[in-house]
Amino acid sequence: MRMEFDLKLQQTQKLIMTPELKQAIEILQLNSLELNTLIEQELETNPLLEKEETSEDESAYEYDLYELSKYIRETEERMYYDDSDDEEIEEVNYENFVSTKPSLTDHLLFQLHITPVSPKIQKICEYIIFSLSPSGYLRENIKDIAEILECTEEEVLEGLSIVQSFDPPGIAARNLQECLKLQLLAQDSYKGIIKKLVDYHLEEIAEGKYSYLAKLYNISPKEVQQAVDFIKKLNPKPGNSFSSIADVRYIVPDVEVIKREGEYFVIVNDSVTPKLKINNYYHSILNSHDEEAKKYINSKLQSAMWLIKSLESRKETLYKVVKAIVELQRDFLDKGINYLKPMTQKEIADIVGIHESTVSRAINGKYVATPRGLFEIKFFFQSGISNRNGNQFSAETIKNLIKKLIEEEDSANPLSDQKIADILKEKNINISRRTVAKYREECNIPSTIKRRRY
């Protein structure tokens, strides 16, 4: 066997992922709040970057944007499927923002500290309170608590009983059955058919077996229905009403779409991010003889210029993508949810003239405020079907039609999934019973059996 070595010249094309290109891609994916955080970090590390002062003309322009933004926010309360343009907007009561609710832990500790108990039981109660889940349940085992606190199980149960007597009713329960029982005891309603249903038949209630329960206890289905209605008014997660305000996510729209004189305008919301410019002071250093300083300034200058360029590119891409969406979804913006069209990211990519992956990055985690409400931009990319007439229906449109049919159904004889499919077929929307069931479940609508009322 003979081995040979030779040299060959070959021309190839490769995409090199430079740090600058990587940064541009990352910036494109950020929403307004994330972008603002990145800019603040860059301002701290790059002395050549500084915030651009706003001129009087720009201030007037920003005031106009504020007025337009206010118009958008005032219409956000209008449900996106509502076709009415004359709905009265309820004025915000700013007194609601003056103080915050105490946390669940604080609320329970306050009650404990005004309850006369021995120091040992108080310690057990405190441990139980700090062990509760956000929804208010005690997930730890009584035996384990007794071992940890070096006390008896009876003492733990005594402490648990004290905590369970606190507001809100149902707190510190170990399961759903106990949670409901505690609330019923607080109302003096833990008796009769209600007691039996809670103690033995929560599963049958969930499955809607009212006729079975009626025969079992020799009562009418209507009496079972009334008892179930009463049980359903109880709170299965009593701790949720005390969720910390810190857990609330505030959404800042990255883009706003406004309607003026029959036309839609797209505005990229850069009001939450400062405008950047190069600090001219450092230009003088480039003319100095300090090579080390010049090298440092040059590197920071390139970095600053690339960041500014990437920010402009992000803004331009986001504007073009949303503008294309507005053009394709104009019927939805004009008439409501029943006119939302199926749309793919490839369609938008072809219109804008960019790659499909760029569209995906541009809309990632971003929101748009429209006269129909506030939406994640991904909402507009819907699958759907076409009927024999060539009309297209998005999945969201079909879901809305299913919801409307169920809202108008006879509760004593609710529509089956097959019946809904048949009704939609009459409207030239051909979907299977299985697809109806899938959409119904995605809308959190229970099955026919569970919707039946006596």
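Reading guide: rules and limits
- Residues numbered from 1 in each chain as written.
- Predicted model: local features only at pLDDT ≥ 70, side-chain atom pairs only at ≥ 80, totals over all residues.
- Heavy atoms only, no water.
- Helix = DSSP H or I, 4+ residues; strand = E, 2+ residues; numbered from the N terminus.
- Buried < 20%, exposed > 50% of the residue type's maximum accessible area, 1.4 Å probe, protein only.
- Contact = heavy atoms within 4.5 Å.
- Areas by Shrake-Rupley, 256 points an atom, 1.4 Å probe, with all protein chains shown as cover.
- Salt bridge = Lys/Arg side-chain N within 4 Å of Asp/Glu carboxyl O.
- Pairing = 2+ DSSP bridges.
- Axes fitted to C-alpha atoms, helices over the stretch in contact; angles between N-to-C directions.
- Phe/Tyr/Trp six-rings, centres within 6.5 Å; stacked < 30°, edge-to-face > 60°.
- Core = buried A, V, L, I, M, F, W, Y, C linked by side-chain atoms within 4.5 Å.
- Parallel < 35°, antiparallel > 145°, perpendicular 65-115°, else oblique.
- Nonpolar A, V, L, I, M, F, W, Y, C, P; charged D, E, K, R; others polar.
- Left-handed = near helix turned anticlockwise from the far one by under 90°.

Visitor: For this particular structure, what's the right way to read the overall build of the protein chain?
Guide: When helices and strands are counted, the protein chain shows 20 helices and eight strands. Expressed as a percentage of its 454 residues, the buried residues of the protein chain come to 39%. Taking the contacts inside the protein chain whose residues are at least 6 apart along the sequence as the reference set, 64% of them involve residues at least 24 apart. Accessible surface, the protein chain as shown: approximately 28,400 Å² in total, 49% of it carbon and sulfur.

Visitor: Would you explain the pattern of salt bridges in this entry?
Guide: Any two side chains of opposite charge can pair, so long as their charged atoms come close to each other. Summed over all chains, the structure comprises 17 salt bridges. Of the charged contacts, one joins Lys323 and Glu327 as a salt bridge, the two residues approaching to 3.0 Å between their closest N and O atoms. Highlighted residues: Lys323 and Glu327, both in helix H13 (residues 291–328), separated by four residues, approximately one helical turn. Residues joined in a network through salt bridges with shared partners are Lys259, Glu263, Arg330 and Asp334.

Visitor: Hey, could you run me through the sheet that holds strand E6 (residues 373–376) in this one?
Guide: Adjacent strands of a sheet form backbone hydrogen bonds with each other and so pair up, either parallel or antiparallel. Taken together, the four strands give an open sheet; going across it, the order is E3-E2-E5-E6, and neighbouring strands pair in mixed fashion. Across the chains shown, the open sheet's two edge strands, defined by having one partner strand only, are strand E3 (263–268) and E6. The average undirected angle you get between the axes of adjacent strands in this sheet is 20 degrees. Where strand E2 (residues 255–260) and E3 come together, six bridges link them in antiparallel fashion. Bridging across to E3, Val255 finds its partner in Val268. Contacts between H13 and the sheet are confined to E2, E3 and strand E5 (367–370), with E3 contributing the most and set at about 155 degrees to the helix.

Visitor: In this structure, what is going on with the packing of aromatic side chains? I would like to understand it.
Guide: What characterises a pair of aromatic rings is the spacing of the ring centres plus the angle enclosed by the ring planes. One pass over the structure, following the stated rule, counts six aromatic pairs. A centroid spacing of 6.2 Å and a plane angle of 55 degrees characterise the contact between Phe332 and Phe379, whose relative ring orientation is tilted. One end of the pair, Phe332, is in helix H14 (residues 330–335); the other, Phe379, is in the loop between E6 and strand E7 (384–386), with 47 residues separating them in the sequence. Judged by relative accessible area, which is 17%, Phe379 ranks as buried.

Visitor: I would appreciate a short explanation of the nonpolar core in the present structure.
Guide: Among soluble globular proteins, nonpolar side chains are generally buried collectively. Formed by 29 residues in total, the largest nonpolar core has its most connected members in Val322, Ile348 and Phe380. Within the residue set of this core, elements represented by two or more residues are E2, E3, H13, H14, helix H15 (345–352) and helix H16 (356–363). If we skip the residues at most four places from it in the chain, Val322 touches Val255, Val257, Val266, Val368 and Ile377. By size, the runner-up hydrophobic cluster in this structure holds 24 residues, among which are Ile145, Val163, Phe166 and Phe242.

Visitor: It is not clear to me how unusual backbone geometry should be interpreted in this structure. Could you clarify?
Guide: Both trends apply: most residues other than glycine have a negative phi, and most peptide bonds are in trans. The amide bond that connects Asp167 to the next residue, Pro168, takes the cis arrangement and shows omega of 5 degrees. Mapped onto the elements of the fold, Pro168 is located in the loop between helix H7 (153–164) and helix H8 (176–186). Phi is positive for Asp188, which is not a glycine, with a value near 60 degrees. The residue Asp188 is located in the loop between H8 and helix H9 (192–200) in this model. The phi dihedral of Asn428 is positive, around 65 degrees, even though this residue is not glycine. Position of Asn428 relative to the elements: it lies in the loop between helix H18 (417–426) and helix H19 (433–442).

Visitor: When you look at the packing of H15 against H16 in this model, what are you seeing that I'm missing?
Guide: The geometry of a pair of packed helices is captured by two quantities: the angle between their axes and the separation between those axes. Close contact between H15 and H16 brings their axes to 8 Å; oriented N to C, the two are set at 105 degrees. By the angle between their directions, the pair H15 and H16 is classed as roughly perpendicular. Listed contacts from H16 to Gln345, Lys346, Ile348 and Ala349 of H15 are Glu356, Val359, Ser360 and Ile363. Residues of the contact of H15 with H16, tallied by class, amount to four nonpolar, two polar and two charged.

Visitor: What exactly am I supposed to notice about helix H4 (residues 104–113) here?
Guide: A turn of α-helix holds 3.6 residues, and therefore any two residues three or four places apart point the same way. Restricting attention to buried positions, one finds in H4 the residues Leu104, His107, Leu108, Leu109, Gln111 and Leu112. Tucked into the core, H4 has its buried residues touching helix H5 (119–131).

Visitor: What is the right way to look at the packing of helix H17 (residues 395–407) against H18 in this model?
Guide: Relative to each other, H17 and H18 sit at 115 degrees, their axes nearing to 11 Å. The way H17 lies across H18 gives a crossing that is right-handed. When H17 is examined against H18, the residues Ile398, Leu401, Ile402, Leu405 and Ile406 are found in contact with a partner set consisting of Ile420, Ile423 and Leu424. Grouping the constituent residues of the contact of H17 with H18 by class yields eight nonpolar, no polar and no charged.

Visitor: How should H9 be read in this particular structure?
Guide: Considered for burial, the residues of H9 that qualify are Ile194, Leu197, Val198 and Asp199. Of the surrounding elements, those touching the buried residues of H9 are H8, helix H10 (202–206), helix H11 (210–216) and helix H12 (221–232).

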